[in-house]
Amino acid sequence: MGMTEYKGKVKDIQDTPFGYTLSVIGGKWKLVIIYLLAENEPVRFNDLKRQIGAITYKILSSQLKELERDGMVERKEYPQIPPKVEYRLTEKAKTLLPILEGLCEWGAKNQHP
């Protein structure tokens, strides 16, 4: 089901598949997190923070919790001291990777006019 089926019928964007998609991956950091996990999984929390750079620990933690809640990220905690936690993409999240590839291709074609 694509955008055409909803043309002229949308009263609330949240009621559409597009609205659902935005609720799962929308925001400043979620696609960045998904991209980095796709490139490097599994990734530990501090490594992810270091790779992103301009994100606070609190925001990274909340974004990871939301992605985990939505079935996009798996969190694995190892019972050791100091604590070790790793994150990886779920199979559901991996279905987004072709779309991310498409975005990268679009960027490569349009970055330098």
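Given the structure is predicted, the values throughout are model-derived calculations rather than measurements. (Residues numbered from 1 in each chain as written. Predicted model: local features only at pLDDT ≥ 70, side-chain atom pairs only at ≥ 80, totals over all residues. Heavy atoms only, no water.)

### Some words on the sheet that holds strand β2 (residues 73–78)
The 3 strands are arranged β1-β3-β2 in an open sheet whose pairing can be described as antiparallel. Strand pairing shows two members of the sheet lacking a second neighbour, β1 (43–44) and β2, which therefore form its edges. When β1 meets strand β3 (residues 84–89), the two strands line up antiparallel, connected through 2 bridges. Note that in β3 the partner of V43 across the bridge is Y87. (Pairing = 2+ DSSP bridges. Helix = DSSP H or I, 4+ residues; strand = E, 2+ residues; numbered from the N terminus.)

### Considering the packing of helix α2 (residues 30–40) against helix α4 (residues 57–69)
Two elements in contact, α2 and α4, have axes whose closest approach is 10 Å; the angle formed by their N-to-C orientations is 75 degrees. As summarised for this structure, α2 and α4 are arranged roughly perpendicular, according to the angle between their axes. Residues K30, I33 and I34 of α2 pack against L60, Q63, L64, E66 and L67 of α4. Looking at the contact of α2 with α4, its residues break down into 5 nonpolar, 1 polar and 2 charged. (Axes fitted to C-alpha atoms, helices over the stretch in contact; angles between N-to-C directions. Parallel < 35°, antiparallel > 145°, perpendicular 65-115°, else oblique. Contact = heavy atoms within 4.5 Å. Nonpolar A, V, L, I, M, F, W, Y, C, P; charged D, E, K, R; others polar.)

### As for the pairing of β2
Where β2 lies against β3, 6 bridges are found, and the strand directions are antiparallel. Bridge assignment links E74 to a residue of β3, and that residue is R88. Two successive antiparallel strands, β2 and β3, enclose a turn made up of 5 residues.

### Topic: the packing of helix α3 (residues 45–52) against α4
Viewed as axis vectors pointing N to C, α3 and α4 meet at an angle of 115 degrees, and their least axial separation amounts to 11 Å. Looking at the two axes, α3 sits roughly perpendicular to α4. In the packing of α3 onto α4, the handedness of the crossing is right-handed. Mapping the contact onto sequence places F45, N46, L48, K49 and I52 in α3 and Y57, L60, S61 and L64 in α4. Residues belonging to the contact of α3 with α4 are distributed by class as follows: 6 nonpolar, 2 polar and 1 charged. (Left-handed = near helix turned anticlockwise from the far one by under 90°.)

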